[in-house]
Amino acid sequence: MSDLLIVDHLSRHFTNTGLFQKRQVFHAVSDVSFSLARGQILGVVGESGCGKSTLARLVLRLIQPSKGAVEFDGLDMATLSRGDLRRLRQRMQLVFQDPYSAIDPRYRVRDALLEPFKVQGVKLKSADATVASLLEMVGLSPALTHSYPHQLSGGQKQRVGIARALALNPSLVVLDEPTASLDVSVQAQIIALLNRLRESLGLTYLFISHDLGLVRYFCDKILVMYLGRIVEIMPNDAVPTHPYTRALLDSTFEPDPRQRRTITRLSGEIPSGYNPPPGCAFATRCPRVSDLCRTNLPALETISDHHQTACHHPLMNEMKSEVLQQVNTHESAVP
Ligand SMILES: Nc1ncnc2c1ncn2[C@@H]1O[C@H](COP(=O)(O)OP(=O)(O)OP(=O)(O)O)[C@@H](O)[C@H]1O
Ligand code: SF4
Ligand SMILES: [Mg+2]
C-alpha cells in the first residue's frame, strides 16, 4: 500500500502577542513524523490540549507549520500555489465534533450539502439529485432535505457533516472527535457508517479522539500524543509499552464535551507548553520516572515491527499478560 500522507518533523508554535505581555512561545506540536497508507485509518489519541486538533489543521494546511513538511499524494504542500492548494483541498476534508458549528444555523440541510460545491465553483447537473444521493449515502431520509439544524438529532447532524465532507469525493478525511458529543449507541452507528463508507469509497481517515478504547477498535494504527509530541506509535492490536498509553487505556473520560478531558486518577501537573521540560514531559505524572527521565528527552525507538515508543523505561514483555487483560476488559465496553 502506498502512502497518501507523509508528515515529516512537523512543529507548530504559537507566540502570544498581548500588548503588555512578555513575549512567550507555546509549543503546541513538536517534531511529529508519521505516514498514512491509502485506505488506512490512523487514530490520534491523547488528553485535552495535547495538540490533536493543531496537528489536524497542520495536515490540512489550514495553518502553516513552524517547521517540517506535509506531503499529500506525492505533493509537498508548502510548494503549492493558492489555487493548487484550493483544488487539493477538495481531496482532503474535515469533519468536526459539532458539524453545524461551522455552518450558518439558518441553512437547511439542502443548503449545507450544496455549500461545498458552491465554494469550489463546481456546477451540478441536478442539485436535487445530488442532495438526494448524499442523504442516501449517509442513511438519512429525504424528508430531512428542508430541515433546519435545530430540528435534527446529534446523530443526524453528524451524518449531514459527513455527507458534506464526502460531497466532493475526497481521498483523505480528517475526523476530529466526530462522536465525542454523541450517546454511546449513536456513536456506534456513526462508527459503523464511517467504516462502511471507507470500504465502499476507498477513503483514508485520520481519526482524532481522546478515547484509546474506541481508537483501538476502529483504527489500523495508533499515534499517542502528549504535550505536542508523539510518545507511541503502534498497530491497533499491539500491547502498549509507554506508561502514558497504559494510563490512557484504563481511563474513562467525562462524556461532556465542554469538560477538559484529562486523566484524573494520575497525580502530578501536566507541564506548560510555554515551558516544556528538557526531559520527558510525562515525568511529573509517571509511576516509573527516574532521574534520567527528568533531564533527557526520550527518542522514539523501535520496539517491534511498526511499533515505536519514546520512553527510557518502557513496559516490556514482563507486564504483557496484565496489559492484555486490561485491553480485553476495556474493549468489551466499546460499542
Ligand atoms: N492559535 C493558538 N494560539 C495559542 N495557543 C493555541 C492556539 N491554538 C491552539 N493552541 C494551544 O495549543 C494546545 C493544543 O491545542 P489543540 O486544540 O491542538 O489540543 P487538542 O488535543 O485538540 O485538545 P482537545 O482534546 O481539548 O480538543 C492547547 O494548549 C491550545 O491552547
Ligand atoms: S521516559 Fe521516564 S517519565 Fe517518561 S514515560 Fe518513560 S519512564 Fe515515564
Ligand atoms: Mg481538539
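About the criteria used
- Residues numbered from 1 in each chain as written.
- Chains lettered and ligands numbered in written order.
- Predicted model: local features only at pLDDT ≥ 70, side-chain atom pairs only at ≥ 80, totals over all residues.
- Heavy atoms only, no water.
- UniProt positions renumbered as here; feature names shortened; annotations may be inferred.
- Axes fitted to C-alpha atoms, helices over the stretch in contact; angles between N-to-C directions.
- Helix = DSSP H or I, 4+ residues; strand = E, 2+ residues; numbered from the N terminus.
- Parallel < 35°, antiparallel > 145°, perpendicular 65-115°, else oblique.
- Contact = heavy atoms within 4.5 Å.
- Pairing = 2+ DSSP bridges.
- Buried < 20%, exposed > 50% of the residue type's maximum accessible area, 1.4 Å probe, protein only.
- Arc of directions from axis to C-beta.
- Patch = residues over 30% accessible without salt bridge, like charges linked within 9 Å, V, L, I, M, F, W, Y side chains within 5 Å.
- Areas by Shrake-Rupley, 256 points an atom, 1.4 Å probe, with all protein chains shown as cover.
- Salt bridge = Lys/Arg side-chain N within 4 Å of Asp/Glu carboxyl O.
- Lys, Arg positive; Asp, Glu negative; His and termini not counted.
- Charge placed at Lys NZ, Arg CZ, Asp CG, Glu CD.
- Near = heavy atom within 4 Å.
- Nonpolar A, V, L, I, M, F, W, Y, C, P; charged D, E, K, R; others polar.
- Phe/Tyr/Trp six-rings, centres within 6.5 Å; stacked < 30°, edge-to-face > 60°.
- Left-handed = near helix turned anticlockwise from the far one by under 90°.

Per an unreviewed UniProt entry, the chain goes by Oligopeptide/dipeptide ABC transporter ATP-binding protein and derives from Phyllobacterium myrsinacearum. In its Sequence similarities (unreviewed entry) section, the UniProt record describing the chain reads: "Belongs to the ABC transporter superfamily."

## Description of the packing of helix 3 (residues 109–120) against helix 4 (residues 127–137)
For the pair helix 3 and helix 4, interaxial distance at closest approach is 10 Å and the crossing angle is 105°. Compared by their axis directions, helix 3 and helix 4 come out roughly perpendicular. Contacts between helix 3 and helix 4 involve V109, R110, L113, L114 and F117 on the former and, on the latter, A127, D128, T130, V131, L134 and L135.

## Points about the pairing of strand 4 (residues 67–72)
Regular strands have side chains that alternate between both faces of the sheet. Inspection of the sheet shows strand 1 (residues 3–15) paired to strand 4 by five bridges, in the antiparallel sense. In the strand pairing of strand 4, D8 is matched with A69. Pairing of strand 4 with strand 5 (residues 75–76) involves two bridges; the strand directions are antiparallel. Pairing of E71 across the sheet is with D76, part of strand 5. Between the antiparallel neighbours strand 4 and strand 5 lie two residues, among them D73 with a positive phi of about 50°.

## Some points on the pairing of strand 1
Examined bridge by bridge, strand 1 and strand 2 (residues 25–37) share nine bridges and lie antiparallel to one another. Within the sheet, the bridge partner assigned to T15 lies in strand 2 and is V25.

## Here we look at unusual backbone geometry
Phi angles above zero are rare outside glycine, and H9 is one such case at about 50°. For H9, the location among the structural elements is in strand 1. You can call H9 partly exposed: its relative accessible area is 44%. Despite not being glycine, H306 shows a phi value in the positive range, around 60°. By the secondary structure assignment, H306 is in the loop between strand 11 (301–304) and strand 12 (307–309). A residue is classified by how much of its surface remains accessible, and H306, at 69% relative accessible area, is exposed.

## Looking at helix 4
Restricting attention to buried positions, one finds in helix 4 the residues T130, V131, L134 and L135. Around the axis of helix 4, the buried residues are gathered within 130° of arc, so they sit on the same side. In this structure, helix 4 carries D128 and E136 as exposed residues pointing more than 90 degrees from its buried face. In this fold, the buried residues of helix 4 make contact with helix 3 and helix 5 (154–166).

## Comments concerning a negative patch on the surface
Taken together, the side chains of D3, D8, D31, E71 and D76 present a region of like negative charge at the surface. By the element assignment, D3 lies in strand 1.

## Describing the site of ligand 2
Residues in contact with ligand 2, as listed here, are H242, P243, C280, F282, A283, C286, R288, C293, P298, C311, H312 and H313. In the shell around ligand 2, the residues fall into eight nonpolar, three polar and one charged.

## Examining the sheet that holds strand 1
Overall, antiparallel pairing links the four strands, which are arranged 2-1-4-5 in an open sheet. Both outer strands of the open sheet, strand 2 and strand 5, are each paired with one neighbouring strand and no more. Across the sheet, helix 1 (residues 52–59) touches strand 1, strand 2 and strand 4, and the angle it forms with strand 1 is around 120°.

## Digging into the packing of aromatic side chains
Applying the stated criterion across every chain yields a total of six aromatic pairs. Plain terms: the ring middles of Y244 and F282 are 5.2 Å apart, the flat faces sit at 65° to each other, and that makes the pair edge-to-face. One end of the pair, Y244, is in helix 8 (residues 243–249); the other, F282, is in the loop between helix 8 and helix 9 (291–295), with 38 residues separating them in the sequence. Accessibility expressed as a relative area gives 0% for Y244, which makes it buried. Pairwise contacts between aromatic rings join Y205, F207 and F218 into one cluster.

## Comments concerning the packing of helix 3 against helix 5
In contact at an axis separation of 8 Å, helix 3 and helix 5 are set at 25° when each is read in the N-to-C sense. Taken together, helix 3 and helix 5 sit at an angle that is classed as roughly parallel. Crossing of helix 3 against helix 5: the hand is right-handed. Across the interface between the two elements, V109, A112, L113, E115 and P116 of helix 3 pack against V160, A163 and R164 of helix 5. Class assignment of the residues belonging to the contact of helix 3 with helix 5 gives a composition of six nonpolar, no polar and two charged.

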